[in-house]
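Spelled out, the chains give:
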Amino acid sequence: MSPDRDALITGIGLISCLGQGEDAHMAALDAFAPVVDSAKFAPYAVHPMTALTLAAQIPKRGDQRQMEPWQQIGVYAAGLALDEAKAKGDTALLERMDMIVAAGGGERDYAADSAILAALPTAEDPERYLNEHLLTDIRPTLFLAQLSNLLAGNISIVHGVIGSSRTFMGEEAAGADALRIACARIQAGQSDICLVGGSYNAQREDSLLHLAMGHMMRRGEYAPVWARQADGGGAIAGSVGCFMVVESRAHAAKRGVAAKAKISGVLTDRCGRGPGQSAAIAAAQFAALGGKADAAISAASGATGPTADEKQFLDGLGLPVRAVASAIGHSLEPSFPAAVALAAMSIGRGKLFPPLDPAEQAFAGAPSRLLVTSWGMWRGEASALVQAA
Amino acid sequence: MTDTDHLGRPIVAITGTGIATSLGLGKEANWKALTAGVSGIHEITRFSIAGMRTTVAGTIDYLDMEDSSAPAMAEKLAGLVTEEALAESGIGTPGDFPGPLFMALPPVEIEWPHRRALAAAAGVNEGLSYTDLIRAGENGDFAAWYDRFLFGSVGETLAARFGTKGSPIATSTACASGGTAIQLGVEAIRRGECQAALVVGTDASVNPESLIRFSLLSALSTRNDPTAARPFSKDRDGFVMAEGAGALVLESLAHARARGATILGILEGCGEAADGFHRTRSSPDGKPIVACMQRALADSGLTPDQIGYVNAHGTGTPENDKMEYVGIAAVFGDRVASLPVSSNKSMIGHTLTAAGAIEAIFTLYTIRNGVLPPTINYETPDPTLPVDCVPNVARPAKVSHAISNSFGFGGQNVCIVVGAAPE
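This structure is a prediction, so every number in the text was calculated from the model and none was measured.

Rules used throughout
- Residues numbered from 1 in each chain as written.
- Chains lettered and ligands numbered in written order.
- Predicted model: local features only at pLDDT ≥ 70, side-chain atom pairs only at ≥ 80, totals over all residues.
- Heavy atoms only, no water.
- Helix = DSSP H or I, 4+ residues; strand = E, 2+ residues; numbered from the N terminus.
- Rg over C-alpha atoms; globule rule 2.2 N^0.38 Å.
- Buried < 20%, exposed > 50% of the residue type's maximum accessible area, 1.4 Å probe, protein only.
- Contact = heavy atoms within 4.5 Å.
- Areas by Shrake-Rupley, 256 points an atom, 1.4 Å probe, with all protein chains shown as cover.
- Lys, Arg positive; Asp, Glu negative; His and termini not counted.
- Charge placed at Lys NZ, Arg CZ, Asp CG, Glu CD.
- Expected span 1.5 Å × (residues − 1).
- Core = buried A, V, L, I, M, F, W, Y, C linked by side-chain atoms within 4.5 Å.

The next subject is the overall build of chain B. Each helix and strand in chain B was counted, giving 13 helices and 15 strands. A globule of 423 residues ought to have a C-alpha radius of gyration of about 22 Å, and chain B, at 21 Å, matches this closely. Overall, chain B is about 70 × 50 × 40 Å in size when its C-alpha atoms are taken along their principal axes. Buried residues in chain B amount to 66% of all 423 residues. Partitioning the contacts of chain B with sequence separation of at least 6, the portion at a separation of at least 24 is 78%. For chain B, the exposed area adds up to about 13200 Å²; of that, 53% sits on carbon and sulfur atoms. Between the centroid of the 31 positive side chains of chain B and the centroid of its 45 negative side chains there is a distance of 4 Å.

Pasting the structure below:
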């Protein structure tokens, strides 16, 4: 492949409990202190989204009102990425910019759901009651705030990215595959520039309900991802928005924009999670990415089984590791893109942030090759190699 | 014919297809009904329609399933059509498909029967809240529902069952999803990542809440009889929700030839364009619709003159049909009056996420069988949309190249070009 077709990151929009943008994230990680809300959804803690001035990225109040928070987070992060890539408002560029979004869906109208559920057991005709109350109690446009593809739709409307629009669904794997396809298309000449990423709102009772049914969440006090494995484990969800502008080297050069880092490869796979299967996939991915890295950024969720297995695999590589969910929480769809973004920032500034967990080793030099790994809570194994541009 | 296209890329062949709609299971039953002008739209019986504005849909009622949740039914349908497509293609061995899986899947969420069960398990009536549901969810034995309502579980199940390679991708671009899934497969083969790809569009989300959600957006017909879907008619008043699935085995022509497979047709090109105008309405100038058709033609190396048939998105909403006509007129110029443009949705309803895959397959069979499926219920032409919609009765025609349009709610548009198998 010609170096002209290298997939470079020219813009990152990252928002989380640590703040917004690169400076806020690097500063918070350099002097790490957990940002956790343990009260609102007790017994579960969450990493809450930093306070956002929505109008900074979503100027029209009408647009803001048409979105639930998970979409607002994504549209906001997408705007930051476009700003940094010097693409915001460049209509000619945005009209041919591709987009791949990793999205979940939702969120529910909690008051309407709860009222209907409370009334159904005593309703004379429960089916009719449900139909009639769904028709009258749900606001007509709520559907649009729930549809998975409407995060992308809102990015098209608010920021004008309309070259193409694809939405992938499927938890952690969707985020990894979004990035993989974006890079593969650029490397193959099928695309020149792509906005790629996703968003997740952890401060949502409907998604916490889903995680609770799977017994995926940690109950009780915050502890970093690896340390908490000795104490029941479990994920602590975190609200995260992460989008990146990825473009070919030739395209970035023509536009005269600087790159933060190069995504040398993204590999994704699945298995039924039999003994050793995930580790075998991860080992093959690492080998295919060159088998060499200065350190690893892990998107491990904290969920008990896969996190312990991923730790064992990473220990085997002997690399310094950073499990970034210790700081920003686990965010499903954007978790892998966010880990790649933090890797790119570290490479761009020539310094890896300090350990976030007692089990993590220090790393003093300037990293030039960072491995990024993601083993989904339920399925999906992904690896990326991020290098200096 | 060489194995590469006008841009030197591997040509993508279609070597297997499978279909399920309200008209029946399998290609033969579907094609027979579709060309006979049969409507699959009927009154909903799966759940109570008491109090509903819209009471008809193209539901699939021939699956015998204990779990009628949307993802469970979508998974079942996807499995059935995949079996049919694999049998036709003869590719791989059972449980070992030599390529990736790209799916078009509707969004997944916990449904009302499950919420009600969680509420019952919570044992709270007065002042019930999500906190109570969460407590019940954690304490009860609901792990199977965690799996079921993951976005990734349908793809995981199919990937494990059919032995597709790599991470399965489930895409949602609303009503364009099937087209997007096809495009992902075409691109992967053109990149040389794989020699074959399994593409499945599936949707079984006719349930009270999704029906009501579309009702609240005033998108559904309220005619409530089997003739409710009236694409291009003056008296069209909305689309009719429907269920279905379509599977395609895509394969590089070289690979298909080398193993002696029957080439059903060629997936000649794809085009996509997003619309930033509005959440439910398309740009008044039709630019995105025009762009996606033109990009699909450019991708296939064809001119508009070479296209003999358009399988319309044709939902039967006042807005869609008008904008689709504007787009077709812009792309095809004077030919718009004579170019056959028909809508399968007049018979099968709008299969939403699956529509792009199902209708691409019907487009393929239009070419293979030399018969244009009609637009039924065309009694009152809309004088502002003077298209040849193949009114009411199927018509023989030789077609070498055809396009299939899919336009999504939320502004995602995809156009697919299908061509005849090489002689």
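Now that the structure has been shown, the text picks up again.
Helix and strand content of chain A: 15 helices and 13 strands. For 389 residues, the compact-globule formula gives about 21 Å, and the C-alpha radius of gyration of chain A, at 21 Å, lands near that figure. A principal-axis box enclosing the C-alpha atoms of chain A has dimensions of 70 × 55 × 40 Å. The buried share among the 389 residues of chain A stands at 65%. One way to put it: in chain A the 32 positive side-chain charges average out to a point 7 Å from where the 39 negative ones average out.

The next subject is the environment of G256 of chain A. All names here are of chain A. As for its placement among the helices and strands, G256 is situated in the loop between α11 (249-255) and β9 (261-269). Taking the relative accessible area as the measure of exposure, G256 reaches 60% and is therefore exposed. In the structure, G256 is positioned 170 residues away from K86 in sequence and 9.5 Å away in space, judged by C-alpha atoms.

Owing to its 3.6 residues per turn, the α-helix brings residues three or four apart onto one side. All names here are of chain A. For helix α9 (residues 171-187), built from 17 residues, the straight-helix expectation of 24 Å at 1.5 Å per residue is met to within 8% by its first-to-last C-alpha distance of 25 Å. Taking burial as the measure, the 17 residues of α9 include 16 buried ones, the bulk of the element. G189 lies just past α9 and shows a positive phi near 80 degrees.

Take the nonpolar core next. Formed by 98 residues in total, the largest nonpolar core has its most connected members in L179 and V340 of chain A together with L250 of chain B. The greatest single-element share of this core, amounting to 10 residues, is contributed by helix α15 (residues 335-349) of chain A. Sequence-distant contacts of V340 of chain A, that is, excluding residues within four places in its chain, are made with I9, L179, M244, I263, V372, A384 and V386 of chain A. Counting residues in hydrophobic clusters, the runner-up holds 94 residues, among them L144 and A202 of chain A together with A136 and L158 of chain B.

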